[in-house]
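Results of the structural survey
What follows is the residue order along each chain.
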Protein chains: 2
Amino acid sequence: MISRMSQLFVRTLRDDPADAEVPSHRLLIRAGYVRRAAPGIYTWLPLGLRVLRKVEGIVREEMDAIGAQEVSFPALLPREPYEATNRWTEYGDGIFRLKDRKGADYLLGPTHEEMFTLLVKDLYSSYKDLPLSLYQVQTKYRDEARPRAGLLRGREFTMKDSYSFDVDDAGLEASYQRHREAYVRIFDRLGFEYVVVRAEAGAMGGSKSEEFLAKADVGEDTYVRCDRCDYAANVEAVTTPPAAPRAYDDVPAAHAEQTPGTPTIDTLVAHLDEAFPRADRPWHAADTLKNVLFALRHPDGTREALAVGLPGDREVDLKRLESKLGEGVVFEPFGDEDFAARPTLAKGYIGPGALGEERPAGVRYLLDPRVGEGTVWVTGADEPGSHVLDLVAGRDFTADGTIDVAEVRDGDPCPACGAEDGGVLESARGIEMGHIFQLGRKYAEALGLQVLDEHGKLVTVTMGSYGIGPSRAVAAIAEGTHDELGLCWPRDVAPADVHLVATGKDEAVHAAAERIAHELSSHGLDLLYDDRVKVSPGVKFKDAELIGVPTIVVVGKGLADGTVEVKDRRTGERTEVPADRVVDHVVALVRS
Amino acid sequence: MISRMSQLFVRTLRDDPADAEVPSHRLLIRAGYVRRAAPGIYTWLPLGLRVLRKVEGIVREEMDAIGAQEVSFPALLPREPYEATNRWTEYGDGIFRLKDRKGADYLLGPTHEEMFTLLVKDLYSSYKDLPLSLYQVQTKYRDEARPRAGLLRGREFTMKDSYSFDVDDAGLEASYQRHREAYVRIFDRLGFEYVVVRAEAGAMGGSKSEEFLAKADVGEDTYVRCDRCDYAANVEAVTTPPAAPRAYDDVPAAHAEQTPGTPTIDTLVAHLDEAFPRADRPWHAADTLKNVLFALRHPDGTREALAVGLPGDREVDLKRLESKLGEGVVFEPFGDEDFAARPTLAKGYIGPGALGEERPAGVRYLLDPRVGEGTVWVTGADEPGSHVLDLVAGRDFTADGTIDVAEVRDGDPCPACGAEDGGVLESARGIEMGHIFQLGRKYAEALGLQVLDEHGKLVTVTMGSYGIGPSRAVAAIAEGTHDELGLCWPRDVAPADVHLVATGKDEAVHAAAERIAHELSSHGLDLLYDDRVKVSPGVKFKDAELIGVPTIVVVGKGLADGTVEVKDRRTGERTEVPADRVVDHVVALVRS
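What you are looking at is a predicted structure, and each value in this text was computed from that prediction instead of being measured.

Rules behind the numbers
Residues numbered from 1 in each chain as written. Chains lettered and ligands numbered in written order. Predicted model: local features only at pLDDT ≥ 70, side-chain atom pairs only at ≥ 80, totals over all residues. Heavy atoms only, no water. Helix = DSSP H or I, 4+ residues; strand = E, 2+ residues; numbered from the N terminus. Contact = heavy atoms within 4.5 Å. Phe/Tyr/Trp six-rings, centres within 6.5 Å; stacked < 30°, edge-to-face > 60°. Lys NZ or Arg CZ within 6 Å of the ring centre and 35° of its normal. Buried < 20%, exposed > 50% of the residue type's maximum accessible area, 1.4 Å probe, protein only. Arc of directions from axis to C-beta. Least-squares fit on C-alpha atoms with pLDDT ≥ 70 in both. Buried area = accessible area lost by both parts, 1.4 Å probe. Salt bridge = Lys/Arg side-chain N within 4 Å of Asp/Glu carboxyl O. Pairing = 2+ DSSP bridges. Axes fitted to C-alpha atoms, helices over the stretch in contact; angles between N-to-C directions. Right-handed = clockwise from strand over helix to strand, strands pointing away.

Notes on the side chain of Asp368 of chain A
- Within the secondary structure, Asp368 of chain A sits in the loop between strand 18 (364-367) and strand 19 (376-380).
- Asp368 of chain A has contacts with Gly309, Leu310, Pro311, Ile403 and Ala406 of chain A, leaving out every residue within four places of it along the chain.

Structure, rendered in structure tokens:
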């Protein structure tokens, strides 16, 4: 196919659009791939649509290859199924809701777990029908609070979502692994660097979950990876290994000391250095045990007090905390009224002595895994201006359990290999490109999806859910492959195989270019052909670099000497090729 | 590709679904092509999606062939452009409206004239950029008052909408004709009987317009066609030729007569036969002039009285009336208060004497084209119980103009060929499958789409709009091609090329079928392969007939004698083919 630049619906822009925050967004707008229609809502122009369709094509091929079957659900969905799973409420402002002319409630689907569950329930009834994997490539809607970065976080976007249905956990694990392998193949083919990280299933419910992240500095997701092994996880999913018990035979008995005016860790550490200097090393925030209070609000409306005890040099990571709370549980600040209602809590000087469900304040007390048996701490003595020193975990205090919500820091030991001489974690940023979940039975239970097992007994089906965003992938590929001149597409997703440029007004040049265009096209190649006569060579070259087709062929002055230039967009490498051999040369390049 | 019935996500149903009104709907549900998700909203199962994709593919090919370029707009659209063209209001309850989390107004696009206009305005500025045709295949939304007949009138559906942009009327006409020819090719390829009818542009504004209707008894659209020439039009668009002037020299002077108790045409005709019998023939309703009153409501809120004068044997066709009113003008009943406000109108006995904008009642008076100069009428004398006889149009009364809104009847002369010895009209029903419009400058004017012409002067662009509904086409094809056994797809849109059935439990049979399946697939054919072992031959045959793939190959008992049965789904014709030649035989059939 030949697309002539003289007719193609595209206008390249020299200037960056004012609202574009990241390179992929700037370049996709400037090169005429997409246009903004409303905040977070984009129109695909011909070049952009070709890339999107190629990405969707790769996704479909790999889904079909694992036996997943394509269906297509509506985007406009009735409220009832989402009410049954409570997501109508849980999504809050995050979904678009509307009413039809009769006043019935609808939503624009953010994901389709409910609809797939009901469809399978509608058609299937026996274990013999399973395993089953269904998918769709479809338009999704989320009313993002802050749509940003062009296609990276839009409000209307395309998504491939698939769902697996199995009769037991082993089946789910197998379906999950098949999808995982398909995702690896998809991301390998899409041609950008990515990493698979362990993830918390979060609001989706369920157990095992991994994310596929495109490595990108502009990414919204922070993940950590080991500098030695292949461990990678998003921050919510990092597990801190519990500290091994330590001997504490030579630790003196705990003793309370006056520490006036030390309600913060910094003031406490300064006071310790002054009043209780240590011979071997100064005091450090990590020597103190900080107890941070939260009020939890449960779905039934009840409020609960929670204290997290962790080393004083770490903060509670609120996203990690959120991911550890039960479904529908939210945290709120622990306010003055909460303190007033619990007079045994001395604000700024709270210690384990006042915490725990059995104590008068009734505060559930959970410890960071680093506060292991035998560790020694300075902590509040539950009286204003007073701290306890040499307080030993396990000897002098216990708690109601552990909770792993402290911030993850570069240099933390790797949970996979880092115990002794192992790797340490480092953080990086990425763009969430795919997410695979073992949902388990949550949706099947809520919507009554059961099948008869081989003994004729009704069993609840177990499900997986798997998503990839092709529209976001287009932006992520652009983000991961562009250079300072423009876009730079991997061959498999480029909007054309070849960008052919005819320069000048010489009729012989244009006739030769025309002939080359037709010959390349007859070999099945897709061409962008810059046949514009009144446009300068400089503008044409700039356009070709901006648009980013992998191979650029220039027919120009060299033709007088019988040569045509073939340029590699990525490396910039130029090759002079005899004009009568350029078609074979380029076909071989594209097919290589 | 081989799709095994043992694994395909499909369940055929023996019974008709309760809510299915038309054969296409019943069969598409029963054969497992679609499932209802909500009223007028459907989910496409694997078989249905394949047919839909083939229809969309044909549409894309023919659009590409006329140089139209594919883009893709969002479905979720901001209010403002639709406000600028007044369609936000005009659509009334017919569109889905919603608000985002910030309270901004959005709609789900019913068609995209506004968005395309703005996009072209955004990118193009010169006559050199035109002509331009853009299209998309995309999901559309309309909040139908009565969604019905499955996919035939849905609330979420796919549509190919394209738009042409030209600098002048001649360009628009050329773009329109190119689209028209592409549509003819598309409908020829889709394989059902259709007719192209003249249409009123109606609420879309603009001038020339034609509809492509699938001929179908279950269709919602009535159209008329000539029994002799190729004239066809939807009822709104039928034009009645004005009556030629007749001589009225021998008509006596008009004379008012007492006609007590004759407020209706029937009572009047009966009275005339009794009191004023005619020698040559009895009185007929067509001899009377009926004046029907309406109250028109204009967009600015003003109310206007309108009288339509037409032969007493015809009713005003309200859809035809609606299509003749100006944009945004609606009609309301002419009620008792309206009569009370105009005492010169004698209800049931209104004649031309009281009508006309200049008369005291101030009623605009428009005549049916049949009420031509010299025609003779009996009509109301504007006094209760009194009519005028021998009233001659042009001699005794005139009106403010003509209006062509009388019902169209079978047997009416054809406007194209029917003047003398010509054809007559007959009505038929169809399903609207495509609609092409010359929009003109309405949208370009409202949204400011102008380009510089060759003299450097700004001119407003003229547009065309062209729509086809692929999802509706799937149902229309099913409607037009099914038989009493099930669906019966034309080859180009069938969900597979061949439905291969292996019967019985004989391993040799299944091994042979397996081998045939792989050989056919290696020739590039798509197969449904009924490999189910525990299902009876009868059920398999019924399923194959219901699903409607054009060629059914049965490997069964005949294999012992070295033969396989090849059956034509449409004709029912069966051919015994030697097993070792069946692959070549079937490949030739499919390729023929």
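A closer look at the packing of aromatic side chains
- According to the stated counting rule, one finds 26 aromatic pairs over all chains in the structure shown.
- Ring centres of Tyr183 of chain B and Phe212 of chain B lie 5.5 Å apart, and the angle between their planes is 55°; on these two criteria the pair is classed as tilted. Of this pair, Tyr183 of chain B sits in helix 6 (residues 169-190) while Phe212 of chain B sits in strand 11 (residues 209-215), and the two are 29 residues apart along the sequence.
- A connected cluster of aromatic rings, assembled from ring pairs, spans Tyr183, Phe187, Phe192, Tyr194 and Phe212 of chain A.
- Across from the ring centre of Trp283 of chain A, 4.0 Å away, lies the NZ or CZ of Arg278 of chain A, which sits over that ring.

Describing helix 14 (residues 582-591) of chain B
Residue and element names in this part refer to chain B.
- Listed in full, the buried residues belonging to helix 14 are Val582, Val583, Val586, Val587 and Val590. Projected onto a plane normal to the axis of helix 14, the buried residues spread over an arc of 125° and lie on a single side. In helix 14, the exposed positions that point more than 90 degrees away from the buried face belong to Asp584 and Arg591.
- For helix 14, the secondary structure elements touched by its buried residues are strand 26 (498-502), helix 12 (507-522), strand 28 (551-555), strand 29 (563-568) and strand 30 (574-578).

A word on the relation of the copies chain A and chain B
- When chain A is fitted to chain B, the residual RMSD is 0.2 Å, and the transformation amounts to a turn of 180° plus an axial shift of 0.1 Å. The superposition operator between the copies reduces to a two-fold rotation axis. Closest approach to the rotation axis within chain A is made by the C-alpha atom of Leu98 of chain A, at a distance of 2.6 Å.
- Take the interface residues of chain A: 100% of them recur as interface residues in chain B, which is what a same-surface contact looks like.

Considering the interface of chain A and chain B
- In this complex, chain A contributes 53 residues to the contact, which on the side of chain B involves 53 residues.
- Counting the surface lost from both chain A and chain B, the interface buries some 4600 Å², and carbon and sulfur atoms represent 58% of this.
- The largest share of the area that chain A buries against chain B comes from Phe9, Arg101 and Leu123 of chain A, three residues that together contribute 17% of it.
- The tally of links from chain A across to chain B stands at eight salt bridges.
- In this structure, the salt-bridge partner of Arg35 of chain A is Asp122 of chain B, at a minimum N-O distance of 2.7 Å.

A few points about the sheet that holds strand 7 (residues 105-108) of chain B
Residues and elements named next belong to chain B.
- Reading across from one edge, 5-7-6 is the order of the three strands in this open sheet, with antiparallel pairing throughout. The two strands at the open ends of the sheet, each matched to only one other strand, are strand 5 (76-78) and strand 6 (97-99). On average, each strand axis in the sheet is inclined to that of its neighbour by 40°, with strand direction left out of account.
- Both strand 5 and strand 7 contribute to a ladder of three bridges, which runs antiparallel. Within the sheet, the bridge partner assigned to Pro78 lies in strand 7 and is Tyr106.

Quick look at the sheet that holds strand 20 (residues 386-392) of chain B
Residues and elements named next belong to chain B.
- Strand order in the open sheet made by the three strands is 14-20-19, with antiparallel pairing throughout. Among the strands making up the open sheet, the edge pair consists of strand 14 (255-258) and strand 19 (376-383). Here the strands of the sheet are splayed against their neighbours by 30° on average, with no regard to which way each runs.
- Strand direction decides the pairing type here: strand 19 and strand 20, joined by five bridges, are antiparallel. The residue of strand 20 that forms the bridge with Gly380 is His387.

Some words on the pairing of strand 27 (residues 527-530) of chain A
Residue and element names in this part refer to chain A.
- Of the two faces of strand 27, the one holding Leu527 and Tyr529 and the one holding Leu528 and Asp530 are both buried throughout.
- The sheet contact formed by strand 1 (residues 2-4) and strand 27 spans three bridges and is parallel. Note on strand 27: the bridge partner recorded for Ser3 is Leu528.
- Sheet analysis places strand 26 (residues 498-502) next to strand 27, joined by four bridges and oriented parallel. Of the residues in strand 27, the one forming a bridge with Val501 is Asp530.
- Where the polypeptide runs from strand 26 across helix 12 (residues 507-522) and back to strand 27, its parallel neighbour, the crossover connection is right-handed.

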